[in-house]
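Here's the letter readout for the chains.
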Amino acid sequence: MSQLFGDLPEDDGLPGAARRVAIIVMILGTSMTVLDGSIVNVALPMIARSLQVDPAAAVWIANAYILAGAMTMVTFASLGEVLGFRRVYMSGILAFTLASLGCALSPSLAMLNGMRFLQGVGGAAAMSIGPALYRNIFPTRLLGAALGINALVVASSTAAGPAIGGLMLSVLSWQWLFAVNVPIGIVTLLLARRVLPRNPGRGGRFDALGALLSALALGTIVMAVDGLSRHDLRHESWTQELLLGGLALASVILFIIRQRRYSAPLLPLDIFASQRFSMAVATSLCSFVGQGIAFIALPFLFQGAYGFSPLLSAALFTPWPVAIAITAPIAGRLADRYSAALLSTCGLLVLTTGLALLACLGEHASIPDILWRAFVCGLGFGFFQSPNNREMLSNAPRARSGTASGVLAIARTFGQSLGAALVAVVLAATSIAQASASTAQLDASAVHLSLWLAASATLLATIISALRIKHGRN
């Protein structure tokens, strides 16, 4: 890691000494905002019981956060280019910290979901321009290695969330999962104010109508899928889902028209002229759908079907972030020298294998059997993410760093949101199809089906990624 802080005469970015403090700020902010996308997953059954709501409804405690991010990532990436990345990043951390306090004080599911949504908006403001800040902090020659650290933080925080949540729940109430963000957020803001590079932004107009259309399109897609989870599949009325789907389609069409015609578009579509950039986006989206499904579904298998405690359930996730910690920095360094497409494809193939192995867990799986399968998943994901992120950013013009950063972030958050909604659909459909089964049997059936869906999503990502290899080294 020390190589990240060495200086050469031709280096762009911050001086080496300044990079040391800046990366601490980025790690604190990123880990805090990403952790909250998964830290509550292991607590969903407990929160559902505490607030006396159905498990399918409790899924939205997690989904409201990532849905907010999916709806606003592109908006904040554009604002970062207009107002400056530093300003948007710090505003996001402030909003996230205040909303975290609101989550901790929430007495009902409605208020908790509302605070989680606001928390997601703040997290989106910070996360959407994170990779762009890395590109401004580090010289181009170290971009892959720097993104390897970022990928390590993102992936490890996502995967470690359930484990950290389980440990906290063993001694504290679920409200502390959110309250802990307040002091961390304050420290991050104080450091960010001192060390992050000051860029004034390009100024000019902001595409407010484009922002509204993008939020409508992304939000209604996920809400339409979620509607299926609460829909009585034995009835023939699909009015609400059809209306949401129609609104989503109309919003997408209007958004594309707006972006093509407006002089200062929210999302300049010419960034997708690069085939390699577009394929990297598609690969990332599919992979995060798979991971999102797994992280929501597995706690129901561990606690509902196997009867494990929240603490033990959290411990079963530990091999996943450990494996990521081993492979992500290595993959990031390799991506500066070898084909990012080849590295990503190999990682996705291992991840797909790991998810299939988890889907094959038996009715009475042993703890070691679960642990080594989770380790395989972590190895694959850790080897995939940083090379793929480098592929995305290196195939976008430096002037479009904010846009590329936003697209990268939205692929992650929207993929996770869609994956969580799909789990809710499977839970609802399984409860209807197997109405006479016990709760443990229902959880086992739903989770195994969900894991096969996750493996299918990452297999699709593997195929898309493999198609890039013929284009050669990036």
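Residues numbered from 1 in each chain as written. Predicted model: local features only at pLDDT ≥ 70, side-chain atom pairs only at ≥ 80, totals over all residues. Heavy atoms only, no water.

**Q** Help me understand the nonpolar core, please; the structure alone is not making it clear to me.
**A** The tendency in soluble globular proteins is for nonpolar side chains to be buried side by side. Grouped together as the largest cluster of nonpolar side chains are 141 residues, with contacts concentrated most on Leu4, Tyr89, Phe302 and Trp320. For this core, the leading source of residues is helix 12 (residues 275-305), giving 16 residues. (Core = buried A, V, L, I, M, F, W, Y, C linked by side-chain atoms within 4.5 Å. Buried < 20%, exposed > 50% of the residue type's maximum accessible area, 1.4 Å probe, protein only. Helix = DSSP H or I, 4+ residues; strand = E, 2+ residues; numbered from the N terminus.)

**Q** Would you mind going over the packing of helix 4 (residues 85-104) against helix 9 (residues 181-195) with me for this structure?
**A** Angle between the axes and distance between the axes: these two values describe a pair of packed helices. Between helix 4 and helix 9, the shortest axis-to-axis distance is 9 Å and the interhelical angle comes to 165°. Classed by the angle they form, the pair helix 4 and helix 9 counts as roughly antiparallel. Like other packed secondary-structure pairs, helix 4 and helix 9 cross with a definite hand, here left-handed. Across the interface between the two elements, Arg86, Tyr89, Met90, Ile93, Leu94, Phe96, Thr97, Ser100 and Leu101 of helix 4 pack against Asn181, Val182, Gly185, Thr188, Leu189, Ala192 and Arg193 of helix 9. Of the residues that constitute the contact of helix 4 with helix 9, the class distribution is nine nonpolar, five polar and two charged. (Axes fitted to C-alpha atoms, helices over the stretch in contact; angles between N-to-C directions. Parallel < 35°, antiparallel > 145°, perpendicular 65-115°, else oblique. Left-handed = near helix turned anticlockwise from the far one by under 90°. Contact = heavy atoms within 4.5 Å. Nonpolar A, V, L, I, M, F, W, Y, C, P; charged D, E, K, R; others polar.)

**Q** What is the right way to look at the environment of arginine 205 in this model?
**A** In this structure, arginine 205 sits in the loop between helix 9 and helix 10 (208-229). The exposure class assigned to arginine 205 is partly exposed, which follows from its relative accessible area of 49%. Taking C-alpha positions, arginine 205 is 9.7 Å from leucine 266, a pair spaced 61 residues apart along the chain. Discounting residues that sit within four places of it in the chain, arginine 205 has contacts with Val82, Tyr262, Ser263 and Ala264.

**Q** Just to check I follow, could you spell out the environment of isoleucine 370 for this structure?
**A** Relative to the helices and strands, isoleucine 370 resides in helix 16 (residues 367-394). A residue is classified by how much of its surface remains accessible, and isoleucine 370, at 0% relative accessible area, is buried. Taking C-alpha positions, isoleucine 370 is 9.8 Å from phenylalanine 302, a pair spaced 68 residues apart along the chain. Once residues lying within four places of it in the same chain are set aside, the contact partners of isoleucine 370 are Phe302, Tyr306, Phe308, Leu316, Leu358, Leu361 and Ala365.

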